[in-house]
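# Tertiary structure, described
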Amino acid sequence: MPLDPGNSPVPKATESAGFALDWSAPEHALPLIITGMAFVIWLCAFRFRKAWAAIVGINTAAVAAYTAWSARNGHWLPEKANDLAGEVDGLFNMVMVLITVFFILTQCVLIYAMLQKSPEGGRAKPVHGNHTLELVWTLIPGALLVYIAIAQLPTWAKMKGQNAGALLPSGYEVASDPADLLVTVTGKQWEWRMRYADPSGNKPEDPIQWASTPATADVHVVNELHAWKGAKVRLMLRTTDVIHSFFLPQFRFKQDMLPGKTIPALLHTDKTNINPDGTERSWEIACAELCGGNHYRMRGRVVIHPDRESFMTWLNERKSGQSARKEPLASADKPPANPMAGKQE
Ligand SMILES: [Cu+2]
């Protein structure tokens, strides 16, 4: 397999050729709205010579300009690999829209306050103790947070590989697991240890138990998650030491790994990151939890082979290379000495 991460052409998330403004796309509309607000604040600051407002205005304009530039250059969000990535982006955009609406509202209040004349005696009337105001600014954000918490539940249930209709993430069931491939990912300061069950062999009877009991017959790989286009990949996420967070940006997937727990998740993609010319587009694995001094070294790569056949070729190559070694990597994947070991989330 001619993989060449060094020359990987990373595709742009935004088709930037002949940039056209699309008001329905939050990444185009929101920075422009924010820039407009910043301009209004700057005008007010200019009119009233209030230095603090000028600073806020310039700062906001700079952030908005940078955001617009990033969207324009495809730095907004990476390529979507997971078939749930669209849903996750939808949730992200929903939160962005809410934030923008409230940003505009609060800026309008700010501008209104700036336009007020000084009251008699030069002192403003305090709002401390105003129960109506306190109720408003407590109940509205509270209700919105509850809404956001509930709105993401079905997507998270699907990420866990449960039925499409499930509202709440529940426990893992082997019988209903649609997985084609089983991989244990163990976070360890400072690398990812992947262990593959041979998909052409018998499925482990209890994958949760299998995840915590490495066998020499399994295929052990460091920092590389391989699968094939169309495969449903059951991940069993574990850690041997501290909390790590397994983050796959293209899959819009991020899950903490907690000591003593085996946490199942399901990935599925209809894409491959192997280009027709055999080069590989870079799909990174990162640790999203500050886990120690060398946290930054916890980088890996995802390789989605174009078909099952090429995946099996890769797996068998790794397997034969591994059997030549005296001691397999299994020793590094020992279950932690914790009474909760093997329990799932
Ligand atoms: Cu880490």
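About the thresholds
- Residues numbered from 1 in each chain as written.
- Predicted model: local features only at pLDDT ≥ 70, side-chain atom pairs only at ≥ 80, totals over all residues.
- Helix = DSSP H or I, 4+ residues; strand = E, 2+ residues; numbered from the N terminus.
- Buried ≥ 20, exposed ≤ 12 C-beta atoms within 10 Å, placed from the backbone.
- Contact = placed C-beta atoms within 7 Å.
- Pairing = 2+ DSSP bridges.
- Expected span 1.5 Å × (residues − 1).
- Axes fitted to C-alpha atoms, helices over the stretch in contact; angles between N-to-C directions.
- Core = buried A, V, L, I, M, F, W, Y, C linked by C-beta atoms within 7 Å.
- Domains from an automatic or database assignment.
- pLDDT = per-residue confidence, 0-100.

### Overview of the overall build of the chain
Each helix and strand in the chain was counted, giving seven helices and 11 strands. Within the chain, buried positions represent 26% of all 345 residues. Once local pairs closer than 6 in sequence are excluded, the contacts in the chain between residues at least 24 apart make up 74%.

### Remarks on the pairing of strand E5 (residues 232-239)
Burial analysis of E5 places seven of its eight residues in the buried class, the great majority of the element. The pairing of strand E1 (residues 181-188) with E5 spans seven bridges and is parallel. Bridge pairing in E5 links Val183 to Leu235. The pairing of E5 with strand E8 (residues 261-268) spans six bridges and is antiparallel. For Leu235, the partnering residue across the bridge sits in E8 and is Ala265.

### What about helix H4 (residues 131-151)?
With 21 residues, H4 should cover 30 Å at 1.5 Å per step; its first-to-last C-alpha distance of 30 Å lies within 8% of that length. In terms of burial, H4 is a largely surface element, zero of the 21 residues being buried.

### Quick look at the pairing of strand E6 (residues 244-248)
Covered by surrounding structure in E6 are His244, Phe246 and Leu248 only, the residues Ser245 and Phe247 on the alternate face being uncovered. Looking at chain direction, E6 and strand E7 (residues 253-257) are connected through five bridges and run antiparallel. Looking at E7, one finds that Ser245 is bridged to Asp256. Turn length for the E6-E7 hairpin, with the two strands adjacent in sequence and antiparallel, is four residues, and the turn residue Arg252 shows positive phi of about 50 degrees.

### Observations regarding the sheet that holds strand E10 (residues 299-305)
Spatial ordering of the open sheet is given by E4-E10-E9-E6-E7, a layout of five strands whose pairing is mixed. Looking at which strands have only one partner, the edges of the open sheet turn out to be strand E4 (224-228) and E7. Going across the sheet, the axis of each strand differs from the next one's by a mean of 20 degrees, ignoring polarity.

### What about the nonpolar core?
Grouped together as the largest cluster of nonpolar side chains are 42 residues, with contacts concentrated most on Val183, Ala227, Val233, Leu235 and Leu237. Looking at this core, you find at least three residues from each of domain 1 (21-91 + 101-114) and domain 2 (181-344). Not counting residues within four places of it along the chain, the set of residues in contact with Val183 comprises Met194, Arg195, Tyr196, Leu225, Val233 and Leu235. If you look at the next biggest cluster of nonpolar residues, it comprises six residues, including Leu30, Ile34, Met37 and Ala64.

### Quick word on unusual backbone geometry
In this structure, Trp190 follows Gln189 across a cis peptide bond, with omega equal to 5 degrees. Relative to the assigned elements, Trp190 resides in the loop between E1 and strand E2 (191-196). Even without being glycine, Asn223 reaches a positive phi, approximately 65 degrees. Here Asn223 is to be found in the loop between strand E3 (219-222) and E4. For Arg252, which is not glycine, the phi torsion reads 50 degrees and is therefore positive.

### Remarks on the environment of Ile208
Checked against the element boundaries, Ile208 lands in helix H6 (residues 207-211). It is 6.7 Å that separates the C-alpha atoms of Ile208 and Thr262, two residues lying 54 residues apart in sequence.

### Some words on the environment of Lys254
Tracing the backbone through its elements, the reader meets Lys254 in strand E7. Judged by local crowding, Lys254 falls into the partly exposed class, with 15 C-beta atoms found within 10 Å. For the pair Lys254 and Cys287, spaced 33 residues apart in the sequence, the C-alpha separation amounts to 9.0 Å. Once residues lying within four places of it in the same chain are set aside, the contact partners of Lys254 are Ser245, Phe247 and Ala288.

### Brief notes about the confidence of the model for the chain
Here the chain shows a mean pLDDT of 79. Residues at 70 or above account for 80%. No element of the chain has a lower mean pLDDT than strand E11 (residues 343-344), which averages 46, and none a higher one than E6, which averages 96. Note that residues 1-19 has pLDDT below 50 and, in this model, 34 contacts with residues that lie over four places away or in other chains. Low pLDDT (under 50) marks residues 335-345, which in the prediction has 28 contacts with non-local residues, meaning those over four places away or in another chain.

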